[in-house]
Amino acid sequence: MPVAIFGIHNDGLNRAVSIIVLCLVVIWLALVWWTYADARRRIDDPMLVGCAALASLFFPFIGTIVYMIVRPPEYLDDVRERELEIAAAQARLHKLDPSCPYCGFEVENTFLRCPSCLRRLKEPCRTCGKPLDPRWKICPYCESEIGQAPPERQRLRPRRQTTAAARVGDDPTITRAASQRPPAGGERPAR
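In this report, the structure presented in the accompanying data block is examined. Because the structure is a prediction, the values reported are computed rather than measured. Per-chain numbering applies: the sequence of each chain, read as written, is numbered from 1 onward. Per-residue local features are limited, in this predicted model, to residues with pLDDT of at least 70; the limit for side-chain atom pairs, both in listing and counting, is 80 or more; totals at the level of whole chains, interfaces and linings are taken over all residues. Excluded from the side-chain calculations are hydrogens and water; all other atoms, namely the structure's heavy atoms, are used.

Examining the packing of aromatic side chains
Link 1 in the chain: Pairing of aromatic rings covers Phe, Tyr and Trp, the last counted by its six-membered ring, and requires centre-to-centre distances within 6.5 Å; plane angles under 30 degrees mean stacked, over 60 mean edge-to-face, and any other angle means tilted. Inspection of the entire model under this criterion finds two aromatic pairs.
Link 2 in the chain: With a centroid separation of 5.7 Å and an interplanar angle of 40°, the aromatic rings of Trp33 and Tyr36 are classed as tilted. Separated by three residues within a single helix, Trp33 and Tyr36 lie in helix α1 (residues 11–42), roughly one turn from each other.
Link 3 in the chain: Under the scheme applied here, a residue whose accessible area is under 20% of the maximum for its type counts as buried, over 50% as exposed, and between as partly exposed, the area being computed with a 1.4 Å probe on protein chains only. A relative accessible area of 31% means that Tyr36 is categorised as partly exposed.
Link 4 in the chain: Measuring from centroid to centroid gives 6.2 Å for Trp34 and Tyr67, while their planes differ by 75°, and the two rings are edge-to-face. Taken together, the residues span a long stretch of sequence, with Trp34 in helix α1 and Tyr67 in helix α3 (residues 62–70) at a distance of 33 residues.
Link 5 in the chain: You can call Trp34 partly exposed: its relative accessible area is 32%.
Link 6 in the chain: When the NZ atom of lysine or the CZ atom of arginine is within 6 Å of a ring's centre and also within 35 degrees of its normal, the charge is said to sit over that ring. The lysine or arginine in question, Arg42, covers the ring of Tyr75, its NZ or CZ lying 4.3 Å from the ring centre.
Link 7 in the chain: The lysine or arginine in question, Lys130, covers the ring of Tyr141, its NZ or CZ lying 5.2 Å from the ring centre. Each helix is a run of DSSP H or I of at least 4 residues and each strand a run of E of at least 2, with the numbering of both proceeding from the N terminus.

Digging into the pattern of salt bridges
Link 1 in the chain: Salt bridge, as used here: a side-chain nitrogen of Lys or Arg that lies within 4 Å of a carboxyl oxygen of Asp or Glu. Going through the model one piece at a time under the given rule, you end up with seven salt bridges.
Link 2 in the chain: The salt bridge involving Arg71 is made with Asp38; its shortest N-O contact spans 3.1 Å. Note that Arg71 is positioned in the loop between α3 and α4 (76–96) and Asp38 in helix α1, a separation of 33 residues in sequence.
Link 3 in the chain: Given the relative accessible area of 2%, Asp38 is considered buried.

Here we look at helix α2 (residues 46–58)
Link 1 in the chain: By definition here, a helix of n residues has an expected span of 1.5 Å times n minus one. In this model α2 runs 18 Å from its N-terminal to its C-terminal C-alpha over 13 residues, within 8% of the 18 Å that 1.5 Å per residue would give.
Link 2 in the chain: The complete set of buried residues in α2 reads Val49, Ala52, Ala53 and Ser56. The buried residues of α2 occupy an angular sector of 95° when projected down its axis, which confines them to one face. When the buried face of α2 is taken as reference, the exposed residues oriented beyond 90 degrees from it are Met47 and Phe58. In this description, one arc is meant: the one made by directions from the helix axis to the C-beta atoms.

In structure tokens:
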């Protein structure tokens, strides 16, 4: 004689109740496993993960419902990804608003030295004197190669001042009389 569940002696009805109870037990164990797996993805502390799984195990269905109410809204992977995005954004902002790597004082991109700690930040171009990034191989301002000595500038010879007497002797078209003529302004040279 089969065991009567809930005092039911009808075999068909007893079998239906047994299947329903079996389904509820399977759902309860599945919820315990789901609570444990979800808590591992959302909670960093293993003690809290264990407490959530045990509450779901010892308080069927209610433990899982309470866990769903108090669980963190984000997965740990999402939290880490957000923190990385924030760190990357801060790094981009830091690049836009540079500061001295030695003392943290705000500096501009054109500074060769830090005005606070006086340490050298960049080297000047040997040709044009503009600040150079250490990674550059050529100066973007004057197109000279970095590490190369500046090109020597050709000195222009100063022009000789020629006197009227020298011009007369050099150029046969100018006569001595033309060179002794008074200036056009009517003034006579002093004797």
